[in-house]
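Summary of structural features
Below, each chain spelled out in residue letters.
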Amino acid sequence: MTLTVSRRGLIRAGAAGAGSLLLPGCDRLFDNPTFRETLESGENLHRVTQRVLGRNALAREYREVDMSPAFRANGSREVTDPAYRQHLAQGFANWSLMLGGLVEHPLTLSLQALRDLPQRRQITRHDCVEGWSAIGQWQGPRLGLLLDMARLRPEARYLVFHCADLYHGQPYYESIDMVDAFHPQTILAWAMNGKPLEEAHGAPLRLRVERQLGYKHAKFVARIEAVASLEGIHGGKGGYWEDNGAYAWYAGI
Amino acid sequence: MSEAAASPAPQGGELVRRHRWPTRLWHWTNAVTLLVMLMSGLMIFNAHPRLYWGEYGANYDNAWLKVGSARSGGGEQGYIEIAGHRWDTTGTLGLWTDADGKVQRRAFPYWATIPSRYSLAIGRIWHLAFAWVLAVGLLFYLAWSLIAGHVRRDIHITRAEWRPSHLWHDIREHARLRFPTGVSALHYSVLQKLAYAGVLFGLLPMMILTGLAMSPGTDAWAPFVTEVFGGRQSARSVHFLCAWGLVGFFVLHIVMVLLAGPFNEVRSMVTGWYRLPRERRP
């Protein structure tokens, strides 16, 4: 009897053998709360490094010829909420954005009012946490301008973006700190590539927070809330993916 | 009077001090770190198993490399596609069976990734935490290597060693598995120097730079890092290729250790002491 073992089979068996010893070890290690917290504290290091070395740095902007021929839409591509569908059918003519929470003058702004504010137009690269990138043009008023109009109270530390969509049955939301909120490229985009935002890309309003990954760019923004702490808001970690997927709140890396 | 002049040159068979503690510490830290980086990196790749050149790249764009699964005839196959050429990788890439016997359609199989179950978020937590260990470790080790003379004494390739005849001689000696003995085993051969310098000054810095180039936060304050590679998606491709360069180095490294005498080699990297191989009889 001859025993034939292919080289590929041998390599595969060897790797699988090594893996089956090592992997449960890594998975188990990660279940240890102290170990996991230590690894997760890397996020603070990323954030502090960015704030020290590039607090006010601008994201790169591109020329029109650099734009992606087609811009991939990800996450929620449509919203089932009946009120939203009605607004969509009406071209968001009766829709308005609310800005409240820890502000002196809560705002309610129609889409037209947002269009009438001074605008910023930028061609930037959208980087998804999955690894892909797309370059597109975005237009809208600076978020900082709205915050100046609403006059933030001193205790406000974060802005929470409440969205009209449900993702896997739960409301999507996101949050950013004041460094990103007042960053000159942080805008509330109602137009993309020269046209009003499509539903798949977050109509009527999408947050652009250019120095962070795609999941921070909340789509279908309905209400902005200034808060002192993220605790007590949904899962308490500051965003849908932060609550439901162990994704980092600071997504600049 | 220097120490070397006072004591006679060591002979084959003698124990000599070979690796200093920073080298040993860095070696074993990297052994763990690079394994974690590779396996968690493969998990991150699994989230979007396609590579592009340029600044942008997503599903509608041309990928130069992709891993996936497709129906073929009556069945289904896993494949890797590079520059339009497709290879069947069923069982390993794109289509494989997990530990519970379930068919999965991810790129890299469970035994190659951290964590073993699909989780981009947890893969990123591992990867981005250990990235600090790798980067800070490399920074300290490079600084020490330059200051303490490790680069000058042990890795610097002399003009004589660059001579084609010397390189060719060393390649032939390696191919015949005739490793240096006696006093000449005190120094790295030119091929060893090339391999170590390539990792220390080439592959590892490239991994860190291409990693930083993918970060939108870093891209804002250090855009030249991304631009040097020709864009974020190019940087991602180079990151992937250099990772396999490191795997190649690792395989070669392990083979050489096994061939040169694993006990002696591992001891020298743990304790620092190395027994010089005895001179061959002429």
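In this text the structure is predicted, and so the values were computed from the model without any measurement.

Attention now goes to the overall build of chain B. Looking only at helices and strands, one finds 11 helices and 8 strands in chain B. Across the 282 residues of chain B, 31% fall into the buried class.

With that out of the way, let us pick up the overall build of chain A. On a plain count of helices and strands, chain A comes out with 8 helices and 11 strands. Principal axes of the C-alpha set define a box for chain A whose edges measure 85 × 40 × 40 Å. Put simply, chain A has 253 residues, and 40% of those count as buried. Contacts spanning at least 24 positions in sequence make up 68% of the contacts within chain A whose residues lie at least 6 apart.

Where interface size is given, it is often the accessible area lost as the parts come together that is meant. Each partner contributes to the interface: chain B provides 34 residues, whereas chain A provides 43 residues. At the level of secondary structure, the elements contributing two or more residues to the side of chain B that touches chain A comprise helix H2 (21-47), helix H3 (120-147), helix H8 (216-221) and helix H10 (232-260) of chain B. Residue classes in the side of chain B that touches chain A are distributed as 21 nonpolar, 8 polar and 5 charged.

As a further point, take the environment of Leu147 of chain A. Residues and elements named next belong to chain A. Following the sequence through the fold, Leu147 ends up in helix H6 (residues 143-150). For Leu147, a count of 21 C-beta atoms within 10 Å translates into the label buried. Spatially, the C-alpha atoms of Leu147 and Glu40 are 31 Å apart, while their sequence positions differ by 107 residues. Apart from the residues lying within four places of it in its own chain, the contact partners of Leu147 are Leu152, Ala181 and Phe182.

Residues and elements named next belong to chain B. Taken N-terminus to C-terminus, the directions of helix H7 (residues 190-213) and H10 make an angle of 150°; their axes are 9 Å apart at the nearest point. Overall, the two elements H7 and H10 adopt an arrangement that is roughly antiparallel. Remark: the crossing between H7 and H10 carries left-handed chirality. Facing Ala195, Val199, Leu203, Met206, Met207, Thr210, Gly211 and Ala213 of H7, the residues of H10 in contact are Arg232, Ala235, Val238, His239, Cys242, Ala243, Gly245, Leu246 and Phe249. Of the residues in the contact of H7 with H10, the class split is 12 nonpolar, 4 polar and 1 charged.

Time to look at the sheet that holds strand E9 (residues 195-196) of chain A. Residues and elements named next belong to chain A. Strands sit in the order E3-E4-E8-E9 across an open sheet of 4 strands; the sheet is antiparallel. Across the chains shown, the open sheet's two edge strands, defined by having one partner strand only, are strand E3 (120-127) and E9. Of the pairings in the sheet, the one linking strand E8 (residues 191-192) to E9 comprises 2 bridges and is antiparallel in character. What sits directly across from Met192, in E9, is Lys195.

All right, on to the sheet that holds strand E5 (residues 158-167) of chain A then. Strand pairing in a sheet relies on backbone hydrogen bonds, with the paired strands running either antiparallel or parallel. All names here are of chain A. Spatially, 5 strands are ordered E2-E1-E11-E5-E6 in an open sheet, and the strand pairing comes out mixed. Single-partner strands in this sheet number two, and they are strand E2 (107-110) and strand E6 (170-177). Here the strands of the sheet are splayed against their neighbours by 20° on average, with no regard to which way each runs. Where E5 meets strand E11 (residues 221-227), 6 bridges bridge the pair, whose relative direction is antiparallel. Within E11, the residue paired with Tyr158 across the bridge is Val227.

A few words on the pairing of E6 of chain A. Residue and element names in this part refer to chain A. Pairing of E5 with E6 involves 7 bridges; the strand directions are antiparallel. Each residue of the ladder has a partner; that of Phe161, found in E6, is Glu174. Once E5 ends, the chain turns through 2 residues before running back antiparallel as E6, passing His168 with a positive phi of about 45°.

Segmentation of chain A into domains returns domain 1 (8-40) and domain 2 (59-245). Averaged C-alpha coordinates put domain 1 of chain A and domain 2 of chain A at centres separated by 38 Å.

Looking now at the nonpolar core. Formed by 75 residues in total, the largest nonpolar core has its most connected members in Leu159, Phe161, Cys163 and Val221 of chain A. With residues near it in sequence (within four places) discarded, Val221 of chain A still touches Leu97, Phe161, Cys163, Leu188, Leu205, Arg206 and Leu207 of chain A. Membership of the second largest hydrophobic core comes to 9 residues, among which are Met207, Ala213, Ala235 and Cys242 of chain B.

The next point concerns unusual backbone geometry. Only a minority of non-glycine residues have a phi that is not negative, and only a minority of peptide bonds are not trans. With omega at 0°, the peptide bond leading from Ala203 of chain A into Pro204 of chain A counts as cis. For the peptide bond that leads from Ile114 of chain B to Pro115 of chain B, omega is -10°, which places it in the cis range. Position of Pro115 of chain B among the secondary structure elements: in the loop between strand E7 (103-104) and H3. Of note in this structure, His168 of chain A is not a glycine but carries a positive phi near 45°. Mapped onto the secondary structure, His168 of chain A falls in the loop between E5 and E6. In this structure, Asn193 of chain A takes a positive phi of about 50° despite not being glycine.

On to H7 of chain B. Residue and element names in this part refer to chain B. For H7, spanning 24 residues, the distance from its first C-alpha to its last is 32 Å, which sits close to the expected 34 Å at 1.5 Å a residue. The sharpest bend along H7 reaches about 40° and sits at Val199. Three or more residues of H7 are buried, namely Val190, Leu204, Met207, Thr210, Gly211 and Ala213. Buried positions along H7 lie against H3, helix H5 (159-162), helix H6 (164-175), H8, helix H9 (223-228) and H10.

What follows is about the pairing of strand E4 (residues 133-140) of chain A. Residue and element names in this part refer to chain A. Along E4, 7 of the 8 residues are buried, which leaves the element largely enclosed by surrounding structure. Taken together, the 8 bridges between E3 and E4 define a ladder with antiparallel strand orientation. When the sheet's bridge partners are listed, His126 is paired in E4 with Ala134. Hairpin connection of E3 to E4: 5 residues between the antiparallel strands, including Gly131 at a positive phi of 125°.

Take the confidence of the model for chain B next. Low-pLDDT stretches of the model should not have their predicted coordinates read in fine detail. Residues and elements named next belong to chain B. When pLDDT is averaged along chain B, the result is 93; 97% of the residues meet or exceed 70. Predicted confidence in chain B is weakest over helix H1 (residues 3-6), with a mean pLDDT of 44, and strongest over strand E2 (residues 50-51), with 98. Predicted confidence for residues 1-6 stays below pLDDT 50, and this span has 1 contact to residues more than four positions away or in other chains. This prediction of the complex comes with two scores: 0.92 for pTM and 0.91 for ipTM.

This part covers the environment of Met43 of chain B. Within the secondary structure, Met43 of chain B is located in helix H2. Between the alpha carbons of Met43 of chain B and Gly57 of chain B there is a distance of 19 Å; along the sequence they are 14 residues apart.

Definitions and limits used
- Residues numbered from 1 in each chain as written.
- Chains lettered and ligands numbered in written order.
- Predicted model: local features only at pLDDT ≥ 70, side-chain atom pairs only at ≥ 80, totals over all residues.
- Helix = DSSP H or I, 4+ residues; strand = E, 2+ residues; numbered from the N terminus.
- Buried ≥ 20, exposed ≤ 12 C-beta atoms within 10 Å, placed from the backbone.
- Contact = placed C-beta atoms within 7 Å.
- Nonpolar A, V, L, I, M, F, W, Y, C, P; charged D, E, K, R; others polar.
- Axes fitted to C-alpha atoms, helices over the stretch in contact; angles between N-to-C directions.
- Parallel < 35°, antiparallel > 145°, perpendicular 65-115°, else oblique.
- Left-handed = near helix turned anticlockwise from the far one by under 90°.
- Pairing = 2+ DSSP bridges.
- Domains from an automatic or database assignment.
- Core = buried A, V, L, I, M, F, W, Y, C linked by C-beta atoms within 7 Å.
- Expected span 1.5 Å × (residues − 1).
- Bend = angle between axes of the 7 residues up to and from the residue.
- pLDDT = per-residue confidence, 0-100.

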